[in-house]
Amino acid sequence: MITVRYTRNLFLRVLCIVYLSAFLSFYIQIPGLYGDNGILPARSVLENSKHKTLSAKVHYQPTLLWLAPFLGLDTSYALDVLALLGAFLAFTGIISQKFCTIPLFAGLWSLYFSLYQIGQIFVTNFDELLLETGFLAIFVAPLLPGRRKGSKGCSKDLISLWLIKWLLFRILFTSGIKKFILGDPLWWSLKAISRVYEVLPLPTPLSWYAYALPEWQLKLTQVFTNTAEILLPFLFFVPVRCVRITTFFLQLFLQICILLTGNFGFANLLVITLQIALLDDQCFYKKKSSNKSSILGTIATVVIYGAIIYGVVVLFNLKINGTQIDATVAFTRVQFDKYIGPIIIYAVYFGLVSLATTVLYSLSNVLFDNQGGNKGLATISILFYAGIAVLLFLSSTVPLASLRPASNSTVNPTIRNMYNRLHKLHAVNAYSSPFTKFPAGNDRNEIVFEGADRVDGPWKEYNFLYKPGNPNSSLPFLTPHSAQIDWHMSSAAYSSYDSQPWLLSFAHRILNHNPEVLVLIDFRESPFRQSPPKYLRAILYKYKYTGWNQRNQIPWWTREKIAEYLPVVSKDSPFLLDFLKARNLLPLTSKVDVNPLWKQILDFIRYIINHLEATLLFWSVLSAGFAIICTTSSSGKK
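Quick caveat: nothing in here was measured; it's all calculated off a predicted structure. (Residues numbered from 1 in each chain as written. Predicted model: local features only at pLDDT ≥ 70, side-chain atom pairs only at ≥ 80, totals over all residues. Heavy atoms only, no water.)

> Residues and numbers for the sheet that holds strand β3 (residues 444-452), please.
Taken together, the four strands give an open sheet; going across it, the order is β4-β3-β5-β6, and neighbouring strands pair in antiparallel fashion. Both outer strands of the open sheet, β4 (460-461) and β6 (557-569), are each paired with one neighbouring strand and no more. Bridge analysis of strand β5 (residues 535-545) against β6 gives nine bridges, and the strand direction is antiparallel. Counterpart to Tyr543 in the pairing with β6 is Arg559. (Pairing = 2+ DSSP bridges. Helix = DSSP H or I, 4+ residues; strand = E, 2+ residues; numbered from the N terminus.)

> Now, about the packing of aromatic side chains: what can you tell me, with residues and values included?
Per the stated rule, a full pass over the model turns up 53 aromatic pairs. Judged by centre distance (6.1 Å) and plane angle (75 degrees), the rings of Phe237 and Phe350 are edge-to-face. In this pair, Phe237 is assigned in the loop between α11 (215-230) and α12 (241-261) and Phe350 in helix α15 (residues 333-368), connecting sequence segments 113 residues apart. What makes Phe237 buried here is its relative accessible area of 9%. In this structure an aromatic cluster arises from ring pairing among Trp162, Trp166, Phe169, Phe173, Phe234, Phe236, Phe237, Phe350 and Phe393. One cation-aromatic arrangement involves Lys52 over Tyr60; the distance from NZ or CZ to the ring centre is 4.1 Å. Over the ring of Trp187 we find Lys179; its NZ or CZ atom is 5.2 Å from the centre of that ring. (Phe/Tyr/Trp six-rings, centres within 6.5 Å; stacked < 30°, edge-to-face > 60°. Buried < 20%, exposed > 50% of the residue type's maximum accessible area, 1.4 Å probe, protein only. Lys NZ or Arg CZ within 6 Å of the ring centre and 35° of its normal.)

> Outline helix α6 (residues 125-140), supporting the account with residue identities and numerical values.
Across its 16 residues, α6 extends 22 Å between first and last C-alpha, which sits within 8% of the 22 Å expected from 1.5 Å per residue. Among the 16 residues in α6, 14 count as buried, and that is most of the element. (Expected span 1.5 Å × (residues − 1).)

> I'd like to hear about the side chain of Asn226, residue by residue, with values.
On the secondary structure map, Asn226 appears in helix α11. Residues within four places of Asn226 in sequence aside, it is in contact with Lys179, Phe180, Trp187, Leu190, Leu231 and Phe316. (Contact = heavy atoms within 4.5 Å.)

> Account for empty space enclosed by the protein, naming residues and giving values.
Per the counting criterion, the structure on display carries five cavities of 30 Å³ or more. Space inside the largest cavity adds up to approximately 270 Å³. In terms of lining residues, the largest cavity is bounded by 26 residues, among which Phe122, Asp127, Phe266, Ser482 and Gln484 are the most central. Where the lining of the largest cavity is concerned, the elements lending two or more residues are α1 (5-33), α5 (102-116), α6 and α19 (484-492). Examining the composition of the lining of the largest cavity, we find that six residues originate from one element, α1, more than from any other. Broken down by class, the residue content of the lining of the largest cavity amounts to 16 nonpolar, nine polar and one charged. Reported here for the second largest cavity is a volume of approximately 60 Å³. Elements supplying a minimum of two residues to the lining of the second largest cavity: α6, α7 (156-181) and α16 (375-401). (1 Å grid on protein atoms, 1.4 Å probe; cavity = no way out; pocket = protein on both sides within 12 Å on 5 of 7 lines; lining within 4 Å. Points joined across faces, edges and corners; volume = space filled by probe spheres on them. Nonpolar A, V, L, I, M, F, W, Y, C, P; charged D, E, K, R; others polar.)

> Tell me what's going on with the nonpolar core, and back it up with residues and numbers.
In terms of nonpolar packing, the biggest core is built from 193 residues, with Tyr19, Phe105, Ile447, Phe449 and Phe506 touching the most fellow members. Setting aside its immediate chain neighbours within four residues, Phe105 contacts Leu12, Leu15, Cys16, Tyr19, Cys100, Ala137, Ile138 and Ala141. (Core = buried A, V, L, I, M, F, W, Y, C linked by side-chain atoms within 4.5 Å.)

> Tell me about the side chain of Ser395, residues and numbers included.
Tracing the backbone through its elements, the reader meets Ser395 in helix α16. Excluding anything up to four places from it in sequence, Ser395 contacts Ile415, Met418, Tyr419, Leu422 and Val428.

> Describe in detail the pairing of β3, supporting the description with residues and values.
Looking down a regular strand, the side chains alternate between one sheet face and the other. Most of β3 is tucked away, with nine of its nine residues classed as buried. Alternating residues of β3 divide into Arg444, Glu446, Val448, Glu450 and Ala452 and Asn445, Ile447, Phe449 and Gly451, and every residue in both groups is buried. Sheet analysis places β3 next to β5, joined by nine bridges and oriented antiparallel. Looking across to β5, one finds that Gly451 is bridged to Leu536. Examined bridge by bridge, β3 and β4 share two bridges and lie antiparallel to one another. Bridge assignment links Gly451 to a residue of β4, and that residue is Lys460.

What follows is the structure in structure tokens.
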């Protein structure tokens, strides 16, 4: 019997680490993003339903924030409570496996789902992935703690972990084929990876070095990425252990490379968490396996990967040319469009067969394995989880079918209705890569805000904590923190300011010297620390990495002014005030009397945490958790 008890436990505890980073990252930014003086006040979202009954409110906007008035809290303080409670629950799951049960993960999912409802533009596909993973974790987790040491776990674990593998398959496969379906010339010419490093919203120091690699190496990097995303996911379901373990390490290598060269918040850590489902308990303790099965597994791995390598050589026309390897896409757009439809259909059938096999294997373990226990109850449990798995699997085929318009129209209406209902809970989502399409040009655009006390200047720049600004400033590592303002400045640079209402709200808060927003930028080095500027504008610049021959010099970027992005505004500008008023984005005054005890406690916690940098806070809390684990383990041994 395949045992996955340790695998399940590791998955759950690492997911708690992801949850911890997400809740702490959200908590740090609550006042500046969602507070009454924040950029997009959460109360403005909820006020659309303020005259409805509580049940109607929950139906329209399902969030625990509706309970805030009953607890003596306003919306801002209620957000603090939800985020802190989520961080606390995640921390308990990290320090002890005993807490990693269904109630814990149901609570984590409910809390994050509640926060997601008021996230507006500042929630992304990454948050949806966390919600779907968290929803599946409710079925992966045991109902109660305290299984005996010798337990091999439940047979239903194979089914629930299969759902994790299917989710991992969907996000990678979808990301891979969308790059070619949308037809960006850079992906078809194998020059996309170089552009990715150049336009990363929040690059790391290693992004500069990766961008400086020779062109042929960057092309091979794309070949590996495309292979890992499109071909290798099918191996997640191959019933050969050696194949799955090899695939796990290749996927892990890809995610570590992405993590080192780009700041994507908790996204890469979450994908790595999903990859744990590819393992089994034999990876965590020594267990003798027959030489015959080991040899057969090795042979199967060599054969399968040999075939994949041969296919990659043919599909990408790999040729050795002196000291380098040349690569070009050997298939045309017409050929790709011809075969991708059947491939998607075969992928669905392949997943269905794999699920059916997993369910039958689990049932056979229950019915024919003489391990004792209540076989009737175990069988009911298997059938229940199998029903849930089929429901989620069928619903997940809708976003897969939508990859091509021709196949999208063939989806059964009943299945589409199931997907729509589950998608409302973000239990099943559609995913895509942030780099399926690239902005035009060969450089990156960046918005630089400038303030002045006179219209004719002198103008002085505002710098941000993480996004490129000052060409001489070093690029940071901030994973797994999600810096929302810095991240969304990147996409705003390729659109107009009037299509980004949050950006004008941000400008208004800067002009009013709102401390809640100022802490989210590099305010310590600001030329306007004592008082705000009378006027503010935004300039659009074109940024480009410095060349390899300048690697020993200070600048990371060269930049060139393109145009004025946001015209000069003041805090009393009729244009600015009218724009924000029409969208209900002006600062709000709390109408709820907050319980004094709540207020005192939450203000004290906020005061302490505001003195810590976001990434330092996360790693400090996580280190404390590891210290507790080590201390507890040492005490247990004694």
